[in-house]
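# Examination of the molecular architecture
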Amino acid sequence: LLLQVLIGGLAIGKDFLLAFLLGKVIVDPVEKLKKNTQAFFKGDRRVRTAVLGEDEIGQLTSTFNEMADSIQSNEERLRQEAEQTRFFAEIIGSRIFFFFYLENVFQLAIDKARLILNTQRVALYMFHPDGSGHIMGESVTTGFPSALKSKVEDQCIPKDLIEAYINGRFVAID
């Protein structure tokens, strides 16, 4: 009888140990995923959860990470679109307010374009009928010389390209 009680106790102890270990293997990753999901919901867009396997919990964790990446990417795209919308709304509003001050509208557009493009200089170039031209507006980072009102005569620009610019072509250069 004592031997049977001892064997039964060992079997029950083994079952408790197995249940505890399985609980840790299942519950800990789910708790970590829950914690990270709550942090993401509260605004921490950098949080991701380590994928520890290919089972259902690993698949769920992987799906969470993919969803978090997608949401973060979409939020960034929406922020950029909102900035562009504010930019164009400001220009349109400025056009009405500064109807007689077209240079102010150009300057506002050039300044905002430089900020959005995150570049050192944005220039607005005006062609003259003879193919020459001048920089009629610019936004330049502090420490760089201004090229404003500089006359530019570049014989390397072919006539057909000058015609394309006169007809509305624009290009960004490094």
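On a predicted model such as this, the values are computed, not experimentally measured, just so you know.

### Describing the pattern of salt bridges
- The tally for this structure, following the rule as stated, stands at eight salt bridges.
- Ionic pairing is found between Lys14 and Asp15, a salt bridge with its closest N-O pair at 3.9 Å.

### Structural notes on the side chain of Asn36
- Its location among the elements puts Asn36 in helix α1 (residues 2-41).
- Within the structure, Asn36 has its side chain in polar contact with the side chain of Thr49 (distance 2.7 Å).
- With residues up to four places along the chain from it excluded, the contact list for Asn36 reads Val47, Arg48, Thr49 and Phe64.

### A short note on a nonpolar patch on the surface
- A cluster of nonpolar side chains, namely Leu18, Leu22, Val25, Ile26, Val27 and Val30, defines an oily patch on the protein surface of about 520 Å² accessible area.
- Inspection of the secondary structure puts Leu22 in helix α1.
- According to the relative accessible area criterion, Leu22 is partly exposed, its value standing at 47%.

### Details of the environment of Val27
- Relative to the assigned elements, Val27 resides in helix α1.
- Put simply, Val27 and Ile57 are 30 residues apart on the chain and 9.8 Å apart in space, counted from C-alpha to C-alpha.

The rules behind these values
Residues numbered from 1 in each chain as written. Predicted model: local features only at pLDDT ≥ 70, side-chain atom pairs only at ≥ 80, totals over all residues. Heavy atoms only, no water. Salt bridge = Lys/Arg side-chain N within 4 Å of Asp/Glu carboxyl O. Helix = DSSP H or I, 4+ residues; strand = E, 2+ residues; numbered from the N terminus. Polar contact = N/O pair within 3.5 Å; in protein donor to acceptor, adjacent residues only side chain to side chain. Contact = heavy atoms within 4.5 Å. Patch = residues over 30% accessible without salt bridge, like charges linked within 9 Å, V, L, I, M, F, W, Y side chains within 5 Å. Areas by Shrake-Rupley, 256 points an atom, 1.4 Å probe, with all protein chains shown as cover. Buried < 20%, exposed > 50% of the residue type's maximum accessible area, 1.4 Å probe, protein only.

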